[in-house]
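What follows is each chain in one-letter form.
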Amino acid sequence: MKKARIFILLLLPAVVLTAGCGGEKARVGKPLPAWSEGCLDIHAVNTARGECTFLILPDGTTLTVDAGEFSSEPKKYRSMPQKPDSLTRPTRTYARYMRHFMPYKDSLDYFLLTHFHMDHLGQLEPEYGRSAGGDYVLSGVTALYDELPFREIVDRAYPAYDSLACLAMSTASLANYRRFIDHATEHNGLKAAMLRLGDSGQFPLRRRPERYPDFRITGICSNGCVWDGEKVVNHYGDGTLRENGASCGILLSYGDFDYFTAGDAGGNTRVEYPCARSIGRPVEAMKSHHHLSPHTMQDDMLAVLQPDVIVTQSFYIRDIQPDQGIIRRISESKIPGAKRMYFTNIDRSLTDADPQLYARSAGIGGHIVIRVSPGGKEYCVYMLDDSDTTYTVKQADGPFRCKPQPQNTEKHE
């Protein structure tokens with residue numbers, strides 16, 4: 001009898017492992033179905049060489065957050081193997097992925113650069129070429145623009161970059177980015193702006209906004225400042241502000257669904273908890289701060305946001321990024337929230353050394369997709385194969401119900 005039961009279980013996954021959140025159902029072992037009208041897609045695109053999140057908004061408007069790229073390994077620790085292979089540059093992978101899923105193929109609508117570190121902006125590597133039209137190296141953001149142009153770019157400083165050299169990891173990368181901005185805004189019609197905190201109108205839907213009045217993106221933090229619901233508050237004052245703490249953060253709201261992402265802001269900065277207080281209610285999902293490094297995702301923040309899904313984009317073989325202690329603390333916490341933790345990369349040497357710890361994860365290895373159904377009442381989470389361009393579903397979770405919005409909590413305006 002035991003053998004018979006095992007045999008049946010082995011047959012079942014190909015038949016029953018499906019999840020649907022608007023449009024065609026996703027099936028394990030098959031490519032992820034295309035976005036459909038009314039859905040909100042949030043894709044953590046994995047190259048193991050930087051952060052990049054691609055969003056398809058309910059009417060088909062597109063937004064990309066960050067496009068990190070580097071090829072050299074730090075001396076202190078090893079990098080994960082590059083995805084899908086060592087020959088395909090990360091920005092080529094980002095562009096190929098976006099073209100596959102984006103419903104309108106002409107260009108990206110918006111790009112948000114959270115801060116000026118190489119794993120979000122791009123590192124100037126010797127082998128990277130230069131733009132044919134402008135005097136800048138094609139790396140990260142600038143290389144993605146060359147592959148797949150975007151109409152508008154938002155960062156934390158435009159046009160006042162002169163005061164940032166002491167904060168950015170690489171003054172050369174920042175100077176390269178400035179040359180790109182100057183050229184693309186003057187010659188290509190690119191629009192550039194600084195993130196406006198408390199403003200829910202900076203990323204408007206471009207195609208059918210009248211159909212989705214309950215969708216908005218609100219600027220929450222940048223430059224060490226946080227929107228508190230009424231005004232912008234500087235949480236550093238005369239203190240030393242470093243680049244991670246200067247990260248841009250935004251809140252996406254669609255019906256009952258909320259998603260928060262804030263670059264490398266974290267508990268080691270002064271803005272993590274104030275951002276949570278600004279949002280002031282539980283969210284369905286968030287990107288983990290600073291690749292789940294030590295001192296991030298602190299309990300005071302989690303007690304307010306209570307995320308059900310936490311997506312971590314990481315790329316080094318380190319037991320502190322994502323941090324093992326934080327994985328354990330979140331999974332054991334009594335703070336409400338489903339605590340479904342998904343990771344683009346964790347090396348096999350780490351998972352084999354502590355399988356019980358990593359068994360607490362909801363998913364490890366691949367592109368991570370959150371797909372919200374029309375109206376924002378439920379969502380699914382998918383893990384996609386990152387070894388080729390078929391984007392096959394490896395894992396399908398959900399649908400999960402969104403938390404109803406409290407009657408006494410107002411959305412950011």
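Structure: above.
Residues numbered from 1 in each chain as written. Predicted model: local features only at pLDDT ≥ 70, side-chain atom pairs only at ≥ 80, totals over all residues. Heavy atoms only, no water.

(A) Seen up close, the overall build of the protein. When you go through the protein residue by residue, the secondary structure sums to 11 helices and 20 strands. Taking 2.2 N^0.38 as the reference for a compact globule, 413 residues should give roughly 22 Å; the C-alpha atoms of the protein span a radius of gyration of 20 Å, in line with that estimate. Relative to its full complement of 413 residues, the protein shows a buried share of 59%. Summarising the internal contacts of the protein: among those between residues at least 6 apart in sequence, 68% fall at separations of at least 24. Each charge class in the protein was averaged separately, 48 positive and 50 negative side chains, and the resulting centres sit 5 Å apart. (Helix = DSSP H or I, 4+ residues; strand = E, 2+ residues; numbered from the N terminus. Rg over C-alpha atoms; globule rule 2.2 N^0.38 Å. Buried < 20%, exposed > 50% of the residue type's maximum accessible area, 1.4 Å probe, protein only. Contact = heavy atoms within 4.5 Å. Lys, Arg positive; Asp, Glu negative; His and termini not counted. Charge placed at Lys NZ, Arg CZ, Asp CG, Glu CD.)

(B) Broad picture of the sheet that holds strand 19 (residues 378–384). With mixed pairing, the nine strands of this open sheet are ordered in space as 8-7-6-5-4-3-18-19-20. Here the strands that pair on one side only, and so sit at the sheet edges, are strand 8 (191–194) and strand 20 (393–401). Sheet twist, expressed as the average angle between the axes of neighbouring strands with direction ignored, equals 15°. Bridge analysis of strand 3 (residues 40–44) against strand 4 (residues 53–56) gives four bridges, and the strand direction is antiparallel. (Pairing = 2+ DSSP bridges. Axes fitted to C-alpha atoms, helices over the stretch in contact; angles between N-to-C directions.)

(C) Region of the structure containing the pattern of salt bridges. Summed over all chains, the structure comprises 25 salt bridges. Between aspartate 109 and arginine 207 there is a salt bridge, with the nearest N and O atoms lying 3.0 Å from each other. Separated by 98 residues along the polypeptide, aspartate 109 in strand 6 (residues 108–112) and arginine 207 in the loop between strand 8 and strand 9 (215–222) bring together distant segments of the chain. A relative accessible area of 23% places arginine 207 in the partly exposed class. Across the pair arginine 328 and aspartate 354 runs a salt bridge whose closest N-O atoms are separated by 3.5 Å. Within this pair, whereas arginine 328 is found in helix 9 (residues 324–332), its partner aspartate 354 is found in the loop between helix 10 (348–353) and helix 11 (355–358), the two being separated by 26 residues in sequence. (Salt bridge = Lys/Arg side-chain N within 4 Å of Asp/Glu carboxyl O.)

(D) Fine view of unusual backbone geometry. The residue after lysine 83, namely proline 84, is reached through a cis peptide bond having omega 0°. Residue proline 399 is reached from glycine 398 by a cis peptide bond, and omega for that bond is 10°. Its location among the elements puts proline 399 in strand 20. Its identity is not glycine, yet histidine 291 carries a phi of approximately 60°, on the positive side. Positionally, histidine 291 belongs in the loop between strand 14 (285–287) and helix 8 (299–305). Residue classification places histidine 291 among the buried residues on the basis of a relative accessible area of 1%. With phi around 45°, glutamine 306 is a residue other than glycine that occupies positive phi space. Counting through the fold element by element, glutamine 306 comes out in the loop between helix 8 and strand 15 (309–312).

(E) Region of interest: the state of the cysteines. Per the counting criterion, the structure on display carries one disulfide. There is a disulfide in this structure between cysteine 21 and cysteine 380, and the S-S distance comes to 2.1 Å. Handedness here is read from the sign of the S-S torsion; for cysteine 21 and cysteine 380, about 75°, the answer is right-handed. Of this pair, cysteine 21 sits in the loop between strand 1 (18–19) and strand 2 (26–27) while cysteine 380 is found in strand 19, placing the two residues 359 residues apart along the sequence. The exposure classification of cysteine 21 matches that of cysteine 380, with both residues buried. Residue cysteine 248 stays outside any disulfide, its sulfur separated by 7.2 Å from that of cysteine 221, the closest cysteine. (Disulfide = S-S within 2.5 Å.)

(F) Helix 9, seen in detail. Turning to helix 9, its buried residues number three or more, namely Ile326, Ile327 and Ile330. Along helix 9, the residues classed as buried sweep out an arc of 105° about the axis, all on the same side. (Arc of directions from axis to C-beta.)

(G) A look at the nonpolar core. Counting residues in hydrophobic clusters, the biggest one holds 80 residues, and the most contacted among them are Val141, Tyr177, Phe180 and Tyr382. Discounting chain neighbours no more than four positions away, the residues touching tyrosine 382 are Ala19, Gly20, Cys21, Ala26, Leu32, His367, Ile368, Val369, Arg371, Val393, Gln395 and Ala396. Core analysis: the second largest hydrophobic core is formed by 37 residues, Leu40, Ile42, Leu197 and Cys248 among them. (Core = buried A, V, L, I, M, F, W, Y, C linked by side-chain atoms within 4.5 Å.)

(H) Representation of the packing of aromatic side chains in the model. Inspection of the entire model under this criterion finds 21 aromatic pairs. With a centroid separation of 5.4 Å and an interplanar angle of 80°, the aromatic rings of tyrosine 110 and phenylalanine 203 are classed as edge-to-face. Of this pair, tyrosine 110 sits in strand 6 while phenylalanine 203 sits in the loop between strand 8 and strand 9, and the two are 93 residues apart along the sequence. On the basis of relative accessibility, which here comes to 4%, the residue phenylalanine 203 falls in the buried class. Each residue in the set Phe111, Phe116, Tyr136, Tyr145, Phe150, Tyr158, Tyr161, Tyr177 and Phe180 is aromatic and connected to the rest through ring pairs, giving one cluster. (Phe/Tyr/Trp six-rings, centres within 6.5 Å; stacked < 30°, edge-to-face > 60°.)

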